[in-house]
Amino acid sequence: MTKNNIESKVVLMQGNEAVARGAIDAGVNFFAGYPITPSTEIAEICSVELPKRGGKFIQMEDEIASISAIIGASLAGAKTMTATSGPGFSLMQEGIGFAKMTETPCVVVNVMRGGPSTGLPTKPSQADIMQTRWGNHGDAPAIVLYPDSVLESYELAIRAVNLSEKYRTCVVLLLDEVLGHMREAVTLPDLAKVKIINRIKPTIPPEWYKHYEDNPKYIHPLASYGEGYRFHVTGLAHDAYGFPTNRADETAVMMERLDKKIKHHLNDLVQIESFYMDDARTAIFAAGISARAAKTAVLMARKSGKKVGLLRPLTIWPFPDDAIRKYMKNVRNIFVPELNQGQLLNEVKRAMGGVWNYESRRSRKIIPIQKNDGQLITPADIINKMKEVK
Amino acid sequence: MQKIPQKIIHTRYLRHRKKFPHVWCPGCSNGIVLGAIMRAIDELKWKRSNTAMVSGIGCSSRMPVYVDFNTLHSLHGRAIAYATGIKMFKPEMNVMVVTGDGDATAIGGNHFIHAARRNIDLTVILINNYIYGMTGGQYSPTTPTGDIATTTPYGNIDPVFDICELAMGAGATFVARTTAYHALEAQSFIKQALEHKGFSLVEIISACPVIYGKLNKKGDAIAMMNAMKKNAVSLKAWEKLPEDKLKGKIKRGILRNEIRPEYTDEYAKLVQKVQGGK
């Protein structure tokens, strides 16, 4: 490849734009959404790009209708996405639960803004981390991805679509308000080399088809409406055919599958970045935009000779328990900077609970660095906190 | 009107080996409506694999599980939004929604009016039994003022929705109303609605003798059927009736049948324009 060719792939791009382009490159051909700051650009770009490629875009009457429409379209065979922010994400929770329960692939992008309620529509926040895990009622595990750069927004949008198709579930892509609106120079990967996953289609005759066939890997083929496989889909507890059931044995099988299909594939799902962690004595655990500040803080601390490292989850749910235990084993202090009141902090404490009893041993601490006033955590905030804690 | 034996309907369109007996109470009109839908589809010779039935939550919304189509039993009030997704992605499919008065006009009112406004080619078959039956008899937007429900123990003070007027006001292009007593008329209206290109609504007044009937002393299923026979007035007769005699009567007939650009057609044109202009 010539130098010119490489350079022509460098583009100046916004986070929201990267998400839309990544999703479309991953094959998304149906988008239903409702305008909300700071995610609206994703809908706008999809409304421009999808008709050009024969895809469909529709602006629905609200967020509830948007999640409903993408689940309907997904059952008809579409690769689907919607994008929203806090208030709309709250409205979508019942639909997200429906997608998980009925094992229907779809992607929901939540560009986080300050909350609760209408909150700070144009300011950053990381306070939806727990809602992405526990937002829908009932037990259902979540797959949530969280990038820290524009390029990674593009990559994780592709990954979100791939995982939703592979695991037949709703995948949430979390984005920071700042990242959604920030422009960065991005070198897009060669699309021919990007791995695109499509849902497995049944090959057996329609009369043998079970919409929820159980198998050891908990991943099963998915037929689409209008292709001869006439199946039933319900949000009620259901048997292997998808018909409603009250039987404890059939419900148990269904609930176990929802759980196991995530837990059996942690190696595939969990992604982390370890940054100067190999010899680190002090660690930072941060995600999204706070991890960018943390990276600079690590470099600053390293310059002054301190052994500081950063562990950053790209997949925040399922939570990277094993990675934390592995990397943090020999660390003295863990700093957790985040734009909320401790949503990651408590998870880190939970994950570390069995490894070292941090409360009884003075020398080891998990230290919060928190802001929820719409301002970002700066590298200086982290450095200053490190100086405070000896 | 071609008559087909019930048995053929059972074996051709119902999941008769898997899902029966059904959940509906004795005397419920939902079975009559289901029969009318099956016969209408048989007349149209629609392919089962190309037909989708979508519902929300409620008594009527249990219907999809019994029919051998592409079926979706979605969330309370959201059936029309789910159906919009299916129709939008696969316009070649026949998509119908079976819903009730509470599902479509209370919790799902927003989706109902906006689908009508878009004139997307969905057929909504709305079974109006004046009550929330599945949850045991609470008042709905169509429970007549003064009537008793478990949440209006002292009488309902809410004014009611005229669902057909609501749909027409929102822009629906085919609107018809009949009752479960007029089963063959229901079949004919449903057939015309399914054939109609655009948003169509068939409201079918139904009997809920076990809950609504009992709470309001309407008698058994037969008495409620007789009341429908007596009170549902055809359009022609309605116009001749003096105003003082219209009280308590139900207007039945095709209230609107017009052609307006259909949403998925318009989107296809838009796609063509965008791609052609490249």
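Computed from a predicted model, the values in this text were never measured in an experiment.

**Section: a positive patch on the surface**
Working step 1: Taken together, Arg281(A), Lys307(A), Arg332(A) and Lys365(A) make up a surface patch of like positive charges.
Working step 2: Looking at the element boundaries, Arg332(A) is found in the loop between helix H13 (321-328) and strand S14 (333-338).

**With respect to the domain arrangement of chain A**
Residues and elements named next belong to chain A.
Working step 1: Structurally, chain A comprises domain 1 (3-193) and domain 2 (274-388).
Working step 2: Domain 1 and domain 2 are separated by 27 Å when their C-alpha centres are compared.
Working step 3: Between domain 1 and domain 2, the residue contacts involve 28 residues of the former and 24 residues of the latter.
Working step 4: Taken together, domain 1 and domain 2 are joined by four salt bridges.
Working step 5: Of the charged contacts in the structure, one is a salt bridge between Asp-148 and Lys-295, with a shortest N-O distance of 3.6 Å.
Working step 6: Applying the counting rule to domain 1 against domain 2 returns 17 residue pairs in polar contact (both at pLDDT 80 or more).
Working step 7: For the side of domain 1 that touches domain 2, the secondary-structure elements that each account for two or more residues are helix H7 (129-134), strand S6 (143-145), helix H8 (150-167), strand S7 (170-176) and helix H9 (177-181).
Working step 8: Of the residues forming the side of domain 1 that touches domain 2, the biggest block, four residues, is contributed by H7.
Working step 9: Counted by class, the side of domain 1 that touches domain 2 contains 16 nonpolar, four polar and eight charged residues.

**Some details on the interface of chain B and chain A**
Working step 1: Contact with chain B, which involves 38 residues of that partner, is made by 43 residues of chain A.
Working step 2: Summed over both partners, the interface of chain B with chain A buries about 3500 Å², with 60% contributed by carbon and sulfur atoms.
Working step 3: Taken together, chain B and chain A are joined by three salt bridges.
Working step 4: Here Glu61(A) ties to Arg118(B) by a salt bridge, and the two come within 2.6 Å at their closest N and O atoms.
Working step 5: Summed over the shared surface of chain B and chain A, the result is 19 residue pairs in polar contact (both at pLDDT 80 or more).
Working step 6: Those elements that provide at least two residues to the side of chain B that touches chain A are strand S2 (70-73), helix H3 (79-89), helix H5 (109-118) and helix H11 (263-276) of chain B.
Working step 7: Element by element, the count of residues in the side of chain B that touches chain A is highest for H3(B), at seven residues.
Working step 8: Summarising the sheet, strand S9 (residues 232-234) of chain A and S2(B) pair through three bridges and their orientation is parallel. Residue pairing for S2(B): Val233(A) is matched across the bridge by Leu72(B).

**Structural notes on the sheet that holds strand S2 (residues 30-33) of chain A**
Across a sheet, strands are paired by hydrogen bonds formed along the backbone, either parallel or antiparallel in direction.
Residues and elements named next belong to chain A.
Working step 1: Spatial strand order, S3-S2-S4-S5-S7-S6-S13: seven strands in an open sheet with mixed pairing. A single partner strand is all that each edge strand has here, and the edge strands are strand S3 (56-59) and strand S13 (315-317). Pairs of neighbouring strands in the sheet enclose a mean axial angle of 20 degrees, with direction left out of account.

**What to know about the sheet that holds strand S3 (residues 94-100) of chain B**
Working step 1: Read from one edge to the other, the open sheet built from nine strands follows the order S9(A)-S2(B)-S1(B)-S3(B)-S4(B)-S8(B)-S7(B)-S10(B)-S9(B), with strand pairing classed as mixed. The sheet is open, and its two borders are formed by S9 of chain A together with strand S9 (232-234) of chain B, each paired with just one other strand. Put simply, the sheet's adjacent strands are angled 20 degrees from each other on average, direction ignored.

**Quick look at the pattern of salt bridges**
Working step 1: Within this structure, the stated rule accounts for 41 salt bridges over all chains.
Working step 2: Residue Glu49(A) is joined to Lys52(A) by a salt bridge in which the shortest nitrogen-to-oxygen separation is 3.3 Å. In this pair, Glu49(A) and Lys52(A) both sit in helix H3 (residues 40-52), three residues apart, roughly one turn of the helix.
Working step 3: One salt bridge in this structure joins Lys197(B) and Asp265(B), with 3.8 Å as the shortest N-O distance. Here the residue Lys197(B) occupies a position in the loop between helix H7 (183-195) and strand S8 (200-205), and Asp265(B) occupies one in helix H11, the gap between them amounting to 68 residues.
Working step 4: A network of salt bridges, in which partner residues are shared, links Asp148(A), Glu152(A), Glu273(A), Lys295(A) and Arg312(A).

**Things to note about the nonpolar core**
Working step 1: The biggest cluster of nonpolar side chains holds 132 residues, and the ones touching the most others in it are Phe30(A), Met81(A), Phe285(A), Met328(A), Phe112(B) and Leu201(B).
Working step 2: Here this core takes nine residues from H8(A), the largest share from any one element.
Working step 3: Both domains that furnish three or more residues to this core are identified here as domain 1 (3-193) and domain 2 (274-388) of chain A.
Working step 4: With sequence-adjacent residues up to four places away left out, Met81(A) is seen in contact with Val19(A), Ala23(A), Val28(A), Phe30(A), Phe31(A), Ala32(A), Ile42(A), Cys46(A), Ile70(A), Val107(A) and Val109(A).
Working step 5: Counting residues in each nonpolar core, the second largest holds 47 residues, with Leu14(B), Ala36(B), Ile125(B) and Phe174(B) among its members.

**Overview of H3(A)**
Structural remark: α-helix, 3.6 residues per turn; residues separated by three or four positions point the same way.
Working step 1: The end-to-end C-alpha distance of H3(A), which contains 13 residues, comes to 19 Å, matching closely the 18 Å that a straight helix rising 1.5 Å per residue would cover.
Working step 2: Those residues of H3(A) that sit buried are Ile42(A), Ala43(A), Ile45(A), Cys46(A), Glu49(A), Leu50(A) and Pro51(A).
Working step 3: The inward-facing, buried residues of H3(A) contact helix H2 (15-25), S2, S3, strand S4 (80-84) and strand S5 (106-112) of chain A together with H11 of chain B.
Working step 4: A positive phi of about 80 degrees marks Gly54(A), the residue just after H3(A).

**Section: the packing of aromatic side chains**
Working step 1: Scanning all chains against the criterion turns up 15 aromatic pairs over all chains.
Working step 2: A centroid spacing of 5.2 Å and a plane angle of 65 degrees characterise the contact between Phe98(A) and Tyr82(B), whose relative ring orientation is edge-to-face. You can see Phe98(A) sitting in helix H6 (residues 93-102) and its partner Tyr82(B) sitting in helix H3, one on each of two chains.
Working step 3: Exposure remark for Phe98(A): the relative accessible area of 3% places this residue in the buried category.
Working step 4: Owing to a relative accessible area of 0%, Tyr82(B) belongs among the buried residues under this scheme.
Working step 5: With a centroid separation of 6.3 Å and an interplanar angle of 50 degrees, the aromatic rings of Tyr13(B) and Phe69(B) are classed as tilted.

**Points about unusual backbone geometry**
Glycine aside, negative phi is the norm for most residues, and most peptide bonds take the trans geometry.
Residue and element names in this part refer to chain A.
Working step 1: Look at the link from Thr-37 to Pro-38: it is a cis peptide, with omega at 5 degrees.
Working step 2: Counting through the fold element by element, Pro-38 comes out in the loop between S2 and H3.
Working step 3: The linkage connecting Gly-115 with the following residue, Pro-116, adopts the cis geometry, with an omega of 0 degrees.
Working step 4: Locating Pro-116 in the fold gives a position in the loop between S5 and H7.
Working step 5: Unlike most non-glycine residues, Ser-117 shows phi in positive territory, near 55 degrees.
Working step 6: Tracing the chain through its elements places Ser-117 in the loop between S5 and H7.
Working step 7: By relative accessible area, Ser-117 is classed as exposed at 62%.

How each quantity is defined
- Residues numbered from 1 in each chain as written.
- Chains lettered and ligands numbered in written order.
- Predicted model: local features only at pLDDT ≥ 70, side-chain atom pairs only at ≥ 80, totals over all residues.
- Heavy atoms only, no water.
- Patch = residues over 30% accessible without salt bridge, like charges linked within 9 Å, V, L, I, M, F, W, Y side chains within 5 Å.
- Areas by Shrake-Rupley, 256 points an atom, 1.4 Å probe, with all protein chains shown as cover.
- Salt bridge = Lys/Arg side-chain N within 4 Å of Asp/Glu carboxyl O.
- Lys, Arg positive; Asp, Glu negative; His and termini not counted.
- Charge placed at Lys NZ, Arg CZ, Asp CG, Glu CD.
- Helix = DSSP H or I, 4+ residues; strand = E, 2+ residues; numbered from the N terminus.
- Domains from an automatic or database assignment.
- Contact = heavy atoms within 4.5 Å.
- Polar contact = N/O pair within 3.5 Å; in protein donor to acceptor, adjacent residues only side chain to side chain.
- Nonpolar A, V, L, I, M, F, W, Y, C, P; charged D, E, K, R; others polar.
- Buried area = accessible area lost by both parts, 1.4 Å probe.
- Pairing = 2+ DSSP bridges.
- Axes fitted to C-alpha atoms, helices over the stretch in contact; angles between N-to-C directions.
- Core = buried A, V, L, I, M, F, W, Y, C linked by side-chain atoms within 4.5 Å.
- Buried < 20%, exposed > 50% of the residue type's maximum accessible area, 1.4 Å probe, protein only.
- Expected span 1.5 Å × (residues − 1).
- Phe/Tyr/Trp six-rings, centres within 6.5 Å; stacked < 30°, edge-to-face > 60°.

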